[in-house]
Amino acid sequence: MIRRILTDGIGEFDLTRLDVYRARGGFQALHKALTTMSPQDVFNEVKTSNLRGRGGAGAGAAFKWSTLPEDGRPRYLILNGDESEPGSFSGRMLIEKNPHLVLEGALLAAYACKMARVFIYLRGEFHEGAQILTRAVAEAREAGLVGPRILGSEFGVEVVVHRGAGAYICGEETAIMESLEGKRGHPRTRPPFPTASGLYGMPTVINNVETIANVVGIVANGGAWFAAIGPEKSPGTKICSVSGRVRRPGNYEIQMGTPLRELIEEHAGGLEPGHQLKFVLPAGASSALVLPKDLDTPLDFDSMMSIRSMLGSAGMLVCDERDCAVHVAYLGSRFYHHESCGKCTPCREGTGWTERVLHRMEHGAGRPGDTERLQALCRGIGGRKCLCLLGDFSVTYLQSALSAFPEEFVAHEQGGPCPVAAAVEVANR
Amino acid sequence: MALDAREATDIIGRYPSPRSALLPLLWLGQHRDGYVTEDTVADVALRLGMAVAEVESVLSFYSMFRRRPPARCRLEVCRSLACAMKGSGEILARVQEETGVGPGESSADGAFSVEVVECIAACDHAPAYLFNERMAGPLTPEKALELLRGEGEGRR
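Treat the numbers as computed from the prediction; the structure is a model and nothing was measured.

**Some words on the overall build of chain B**
Reasoning step 1: Within chain B one finds seven helices and five strands.
Reasoning step 2: Each helix and strand of chain B, ordered N terminal to C terminal, gives the series α-α-α-α-β-α-α-β-β-β-β-α.
Reasoning step 3: Buried residues in chain B amount to 53% of all 156 residues.
Reasoning step 4: Of the contacts made within chain B by residues no fewer than 6 positions apart, 57% connect residues no fewer than 24 positions apart.
Reasoning step 5: For chain B, the exposed surface amounts to about 6,900 Å²; the carbon and sulfur share of it is 49%.
Reasoning step 6: The averaged location of the 23 negative side-chain charges in chain B is 4 Å from the averaged location of its 18 positive side-chain charges.

Structure below.
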C-alpha cells in the first residue's frame, strides 16, 4: 500500500536543504518536464491523475487550469498557504519540512499553465515557515531552478513569498487576491472567476499548497500512477491533521479511502485512555460533525459527502464524552465572529448574534427559546447568502450539533451549570 | 524614521503593481521598530502613492500589525477549539490570577504582555502559543509564568 508521497523522508532527512532534497530525487520531475515534455503534456498528466484540490473544495486541479483563457495576457499562480482553519496544520508541515517539494510543484504548475510568476501566500503567523521557504527559494534560485531560463530551458519563472498578517478570510480564494493587491481581505463577487479575471484582473489560478505538492509525483511517475492510488474518484493520499482527545495528535499521510476509524485508532493511537469518542469534526471547525456510527466511512471527498459531512482540508478534531456540544459550538462561534471580514450582512451580524446566544448558554445564562434562536440563525446565515462561504461554514457544525445533541442545547437554555461537565464530575468522583 | 530605501525598493520591485508591497513594507517597519510607527505609515503611503488614510484602512484589517510599542516578552495563547479543549482558558485565568495581567493587557512596567489568538495551526501541540513570535506548545500554567518572568526561551 502506498502511504507516504508528500511526507516521505520528513523526520529522517533535512529536506529543507536543496542538496538533501535533490539527493533523494528532488527536481528530477522538473528536469523531466523541461527536457522531455511540453506544457500541454504536463497538463495532460495532471488531468489523467484526477488530482482534486486539497484545500477543501475538492475541485479538479486540471479542470481549474483548463478554464484559463488563451488570450495572451499574463497569468499568475497563487499558492494558498494561508492555512487558518482551526484543526488544520498539514500545510504548515509541508512548508516547514518539505519546502522544495512545494516549490517544485509550483514550478511544474507554472510550466503547465504558462505562467511567469508565482506568489506563495503564507499566513502571517508562519514566521518560521516564511523564513524556511524564502531560504529554499533563494537556494533554488542560486542553483538555476528559479528565475530566467530554468535548467537552461526557455522557461523562466519568478517566485515571491508573500506574508499575510492575521486574517482567516485571506484563505478564501478571492480575498487572498485582494490581500495580495495590498487591500483589506474582502472577498470579491463571482463571476468573474479568478481564472478569467483574478490578481490584477489577470487570469489567476489559486491552488492549495498540498495540491501543488502532489504535482511533483504526478509528473515524475505519470498521471496513471497517481490515478491508481486509492478510490477512483478521489485518488492519491491526504495529509490528515489529527488533534483533540487522541493519544498521538499529529499529521498522518494516508491513502485516500482509508477508514476514519483506522486514522483515529491506529495512526493517532486512539482516544486518550479511559475515554470514549463522542464525535469528530473532520474538516476543522467548518464541518458537520461525524458520529461514532459513521467511523468506518472511507476518507475521501465523495464518501465524506455521503454522510453529509466533508473531507475538506482533513483537520480532524476528535472530541470525547467530556466535550459538550454547546461548548464546542461556542468556541467555533467565537472564532467566526472574530474572523468575519464584515462585508456581507448575514455573516457580519449573524456570527455576532450566534456568539452572543452561545456565550450566555455557555455561561449559565441561557434563556428559553435559545435553541430555536440558534436554528433561526443557522437558516438566516447559511444558504449561500454571502460573497464567500465563511458565514455558511460558521453554522455547519452548529446545525449538525443541534440535530445530533438537541438535549445538550435544551439543557443549556435553563441556565445553571453545564450538564455534560456535571456528568464528568460525577464520573470522576 | 523612514524605511531603508534600498530594501523598500527591492520589495516593491517584486510585484507587478507597487501596492502589493503594502503588507511587506508594513512588516519591514514592524520588524525594525517592534510596531508600525506613524513614520512607517507616512513613508509607505509616499512610496506607494497612497493616502495615509488608505494605508491605515488596510493596516487596521490585519490583526498582527501593532500600533504601539510591544512589551519585551509577548505571550500569545491560542483560544481556538483544540487548544481551548486542552485548557488554554484555564492557563490564561491562572496567569491573570498570579500576575494581574489579563488577555489583551501588558504588565505595568512593560516587561510582558498576554494576548489571545485564534488557531495558529499547531493543534497537535495544544495548548499552543507564540512566544515572541516563536510557535510552541503545549503550554502549562507554570510554563506560561516562567516565560513571562523571562526565564525560558519558549522552544518546543
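**Structural notes on the overall build of chain A**
Reasoning step 1: Secondary structure summary: chain A contains 18 helices and eight strands in total.
Reasoning step 2: Relative to its length of 429 residues, chain A is compact, with a C-alpha radius of gyration of 22 Å against a globular reference of 22 Å.
Reasoning step 3: Taken along the three principal axes of its C-alpha coordinates, chain A extends 70 × 45 × 35 Å.
Reasoning step 4: Within chain A, the proportion of its 429 residues that are buried is 62%.
Reasoning step 5: Contacts in chain A between residues far apart in sequence, at least 24 positions, make up 71% of those at least 6 positions apart.
Reasoning step 6: Split by element, the accessible area of chain A, about 16,000 Å² in all, is 52% carbon and sulfur.
Reasoning step 7: Seen as two clouds, the 46 positive and the 48 negative side-chain charges of chain A have centres 4 Å apart.

**What to know about the domain arrangement of chain A**
The accessible area lost on association of the parts is a frequent measure of interface size.
Residues and elements named next belong to chain A.
Reasoning step 1: Split by domain assignment, chain A resolves into domain 1 (18–227), domain 2 (237–320) and domain 3 (325–427).
Reasoning step 2: Once you take the C-alpha centre of each, domain 2 and domain 3 turn out to be 22 Å apart.
Reasoning step 3: Buried surface at the junction of domain 2 and domain 3, both sides included, amounts to about 920 Å², of which 73% is carbon and sulfur.
Reasoning step 4: Looking only at domain 2, the three residues that lose the most surface to domain 3 are K278, S286 and L289, adding up to 49% of its buried area.

**Looking at the domain arrangement of chain B**
Reasoning step 1: You can read the domains of chain B as domain 1 (5–61) and domain 2 (73–149).
Reasoning step 2: Computed over C-alpha atoms only, the centres of domain 1 of chain B and domain 2 of chain B are separated by 30 Å.

**Here we look at the sheet that holds strand 7 (residues 277–285) of chain A**
Residue and element names in this part refer to chain A.
Reasoning step 1: As summarised here, the arrangement of the four strands in space is 6-5-8-7, forming an open sheet in which the pairing is mixed. Single-partner strands in this sheet number two, and they are strand 6 (250–255) and strand 7. Mean inter-strand twist for the sheet, computed between neighbouring axes without regard to direction, equals 30 degrees.
Reasoning step 2: Judged from the four bridges that link them, strand 5 (residues 237–244) and strand 8 (residues 315–320) form a sheet pairing that is parallel. Opposite G244, over in strand 8, you have V318 as the bridge partner.

**A closer look at the pairing of strand 7 of chain A**
Residue and element names in this part refer to chain A.
Reasoning step 1: With nine of its nine residues buried, strand 7 lies for the most part within the structure.
Reasoning step 2: As judged from the four bridges shared by strand 7 and strand 8, these two strands associate in the antiparallel manner. The partner of L281 across the bridge, within strand 8, is L317.

**Some remarks on the interface of chain A and chain B**
Reasoning step 1: On the side of chain B, 38 residues touch chain A, which itself brings 56 residues to the contact.
Reasoning step 2: When the two sides are added together, the surface that chain A and chain B hide from each other amounts to roughly 3,800 Å², 61% of it contributed by carbon and sulfur.
Reasoning step 3: Of all residues in chain A, H127, A165 and R184 of chain A give up the largest surface area on contact with chain B, accounting jointly for 16% of the area buried on that side.
Reasoning step 4: Linking chain A with chain B are one salt bridge, by the criterion used here.
Reasoning step 5: For the salt bridge of E272 of chain A with K86 of chain B, the shortest nitrogen-to-oxygen distance reads 3.6 Å.
Reasoning step 6: Our enumeration of links across chain A and chain B arrives at 19 residue pairs in polar contact (both at pLDDT 80 or more).
Reasoning step 7: Among the secondary structure elements, those contributing two or more residues to the side of chain A that touches chain B are strand 2 (117–122), helix 7 (127–142), strand 3 (158–163), helix 8 (173–180), strand 5, strand 7, strand 8 and helix 13 (325–339) of chain A.
Reasoning step 8: For the side of chain A that touches chain B, the leading source of residues is helix 13 of chain A, giving seven residues.

**Examining the side chain of S287 of chain A**
Residue and element names in this part refer to chain A.
Reasoning step 1: Here S287 lies in the loop between strand 7 and helix 12 (301–306).
Reasoning step 2: Given the relative accessible area of 0%, S287 is considered buried.
Reasoning step 3: Separated by 2.9 Å, the side chain of S287 and the backbone nitrogen of A283 make a polar contact.
Reasoning step 4: Not counting residues up to four positions away in its chain, the partners in contact with S287 are L281, P282, S309, M310, T396 and Y397.

**Here's the deal with the confidence of the model for chain B**
Reasoning step 1: Mean pLDDT over chain B: 95, with 97% of residues reaching 70 or higher.
Reasoning step 2: Scored as a complex, the prediction yields pTM 0.96 and ipTM 0.95.

**Section: the packing of helix 1 (residues 5–12) of chain B against helix 2 (residues 22–33) of chain B**
All names here are of chain B.
Reasoning step 1: The N-to-C vectors of helix 1 and helix 2 enclose an angle of 155 degrees; their axes lie 9 Å apart at closest approach. Judged on the interaxial angle alone, helix 2 and helix 1 are roughly antiparallel. When the axes of helix 1 and helix 2 are compared, the crossing they make is right-handed. Judged by residue contacts, E7, A8, I11 and I12 of helix 1 engage P24, L25 and L28 from helix 2.
Reasoning step 2: Counted by class, the contact of helix 1 with helix 2 contains six nonpolar, no polar and one charged residues.

Conventions and cut-offs
Residues numbered from 1 in each chain as written. Chains lettered and ligands numbered in written order. Predicted model: local features only at pLDDT ≥ 70, side-chain atom pairs only at ≥ 80, totals over all residues. Heavy atoms only, no water. Helix = DSSP H or I, 4+ residues; strand = E, 2+ residues; numbered from the N terminus. Buried < 20%, exposed > 50% of the residue type's maximum accessible area, 1.4 Å probe, protein only. Contact = heavy atoms within 4.5 Å. Areas by Shrake-Rupley, 256 points an atom, 1.4 Å probe, with all protein chains shown as cover. Lys, Arg positive; Asp, Glu negative; His and termini not counted. Charge placed at Lys NZ, Arg CZ, Asp CG, Glu CD. Rg over C-alpha atoms; globule rule 2.2 N^0.38 Å. Domains from an automatic or database assignment. Buried area = accessible area lost by both parts, 1.4 Å probe. Pairing = 2+ DSSP bridges. Axes fitted to C-alpha atoms, helices over the stretch in contact; angles between N-to-C directions. Salt bridge = Lys/Arg side-chain N within 4 Å of Asp/Glu carboxyl O. Polar contact = N/O pair within 3.5 Å; in protein donor to acceptor, adjacent residues only side chain to side chain. pLDDT = per-residue confidence, 0-100. Parallel < 35°, antiparallel > 145°, perpendicular 65-115°, else oblique. Left-handed = near helix turned anticlockwise from the far one by under 90°. Nonpolar A, V, L, I, M, F, W, Y, C, P; charged D, E, K, R; others polar.

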